[in-house]
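Fold and geometry: a report
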Amino acid sequence: MVSLTLGLAGQGVRLELAPTLAPVLLQQDPLAHFAVDAPIAYTVRLSLAGGAHPALAPGAEQVVYGADGVDFELAQVTGRLDRRRRLLVAEIRQVEQAAYGLRRLLMYLGQLIALEAGGILLRSAGIVLDGRGLACFGPSGAGKTTLMHLALAAHLPVLGDEAVLLIPQGGDWFVHSFPYWEPGVCQRRTQAKPLAAPLAGLLRLVQAPRHALHPLSPGPLLLRLLDTENVPLTTVADSQRWLDVCAGLTQQIPGYDLEFRPDQGVWQTLHELNGRY
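Summarised in this report is the structure supplied together with it.

Reading guide: rules and limits
Residues numbered from 1 in each chain as written. Predicted model: local features only at pLDDT ≥ 70, side-chain atom pairs only at ≥ 80, totals over all residues. Heavy atoms only, no water. Helix = DSSP H or I, 4+ residues; strand = E, 2+ residues; numbered from the N terminus. Buried < 20%, exposed > 50% of the residue type's maximum accessible area, 1.4 Å probe, protein only. Areas by Shrake-Rupley, 256 points an atom, 1.4 Å probe, with all protein chains shown as cover. Pairing = 2+ DSSP bridges. Phe/Tyr/Trp six-rings, centres within 6.5 Å; stacked < 30°, edge-to-face > 60°. Lys NZ or Arg CZ within 6 Å of the ring centre and 35° of its normal. Salt bridge = Lys/Arg side-chain N within 4 Å of Asp/Glu carboxyl O. Axes fitted to C-alpha atoms, helices over the stretch in contact; angles between N-to-C directions. Contact = heavy atoms within 4.5 Å. Parallel < 35°, antiparallel > 145°, perpendicular 65-115°, else oblique. Left-handed = near helix turned anticlockwise from the far one by under 90°. Nonpolar A, V, L, I, M, F, W, Y, C, P; charged D, E, K, R; others polar.

Notes on the overall build of the chain
Along the backbone of the chain there are seven helices and 16 strands. Relative to its full complement of 277 residues, the chain shows a buried share of 52%. Surface accessibility of the chain: about 11500 Å² in total, with carbon and sulfur atoms responsible for 54%.

Next up, the structure:
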């Protein structure tokens, strides 16, 4: 096994990768950038299934919840999470699916780590502007990837292109980077280690012919958060905690609908936002 510890919001996820998977994952994904020396919260033991194992159709995926863990059979990966032992053992069906399969597992563990810390993992892009973090969310096609490429072109620190962790600390909220990036974004990312920044705002993205910010009160902001894609494999209790955290978050962090077009003028609008705090 090849071992590597990834940092998620100050906690460690220890990966134990089969030799057949390690070169593929470490070459395609930026996992090495997130290697840290941190307390181990969970261990992931990942191997490649023997024989022919075609991917499951999404409708054929199965998740079974038990008293101390979760058994799952997903499109790319199958295995079991023992929550008491904090150990996830899984097999990738095909080596070509390794990166996406690991991404799904890390999303789930990131959500558990965030919930245990009183926060959430949000399917969101993350940017640092003027030293403050912005979580930019929305449904598929809203513009998360577009905004990330604009940020990279402007040499801004990027915390994630698809997921970030929002964690309370000392009475404030912080947005933390997540160790998975789309390959095209990964190659252009501007930092080599996990990052965090004080959370200044929650922005629901809307691609439009102009740049504009529209303030949201807590109720509409919460509804927009609930409309984002949640992380799979969560139990009913986990989902309730996620909802409770989101409700509290919207009372403390300002939210906006951000209308933007794909040009660098969006940063002037967001500089004005950061100037309010």
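Don't stop here, the text continues.
Quick notes on the pairing of strand β2 (residues 11–17)
Within β2, five of the seven residues are buried, which leaves it mostly tucked inside the rest of the structure. In the sheet, strand β1 (residues 2–8) pairs with β2 via seven bridges, with the strands oriented antiparallel. Pairing of L6 across the sheet is with V13, part of β2. Where β2 meets strand β3 (residues 40–48), six bridges bridge the pair, whose relative direction is parallel. Looking at the pairing, L17 lines up with L46 of β3.

Topic: the packing of aromatic side chains
Inspection of the entire model under this criterion finds zero aromatic pairs. The cationic tip of R86 hangs over the ring face of Y42; the distance from NZ or CZ to the ring centre is 4.3 Å.

Some remarks on the pairing of strand β5 (residues 69–73)
Sheet topology note: the strand β4 (residues 62–65)/β5 ladder contains four bridges and is antiparallel. Bridge pairing in β5 places V64 opposite D71. Linking two consecutive strands that pair antiparallel, namely β4 and β5, is a turn of three residues. Examined bridge by bridge, β5 and strand β6 (residues 77–82) share five bridges and lie antiparallel to one another. By the bridge assignment for β6, F72 is matched with G79. Counting the residues between successive antiparallel strands, the hairpin from β5 to β6 contains three residues.

As for the pattern of salt bridges
It is possible for side chains bearing opposite charge to pair when their charged atoms get close. Within the structure shown, the criterion is met by 14 salt bridges. One salt bridge in this structure joins R80 and D68, with 2.9 Å as the shortest N-O distance. Separated by twelve residues along the polypeptide, R80 in strand β6 and D68 in the loop between β4 and β5 bring together distant segments of the chain.

Re the sheet that holds β3
Read from one edge to the other, the open sheet built from seven strands follows the order β1-β2-β3-β7-β6-β5-β4, with strand pairing classed as mixed. Strands with a single pairing partner mark the edges of an open sheet, and in this sheet they are β1 and β4. Taken over all neighbouring pairs, the strand axes of this sheet differ in orientation by 15 degrees on average, direction set aside. Sheet strands in contact with helix α2 (residues 98–116) are β1, β2, β3, β5, β6 and β7 (87–92), and its direction is about 165 degrees off that of β3.

Describing the packing of α2 against helix α6 (residues 236–252)
Put simply, α2 and α6 touch, their axes get as near as 11 Å, and they point 60 degrees apart. In this view, α2 runs oblique relative to α6, as classed from their interaxial angle. For α2 against α6, the interelement crossing comes out left-handed. Residues Y108, Q111, L112, L115 and E116 of α2 touch α6, and the partners they reach there are D238, R241 and W242. Class assignment for the residues of the contact of α2 with α6 results in four nonpolar, one polar and three charged.

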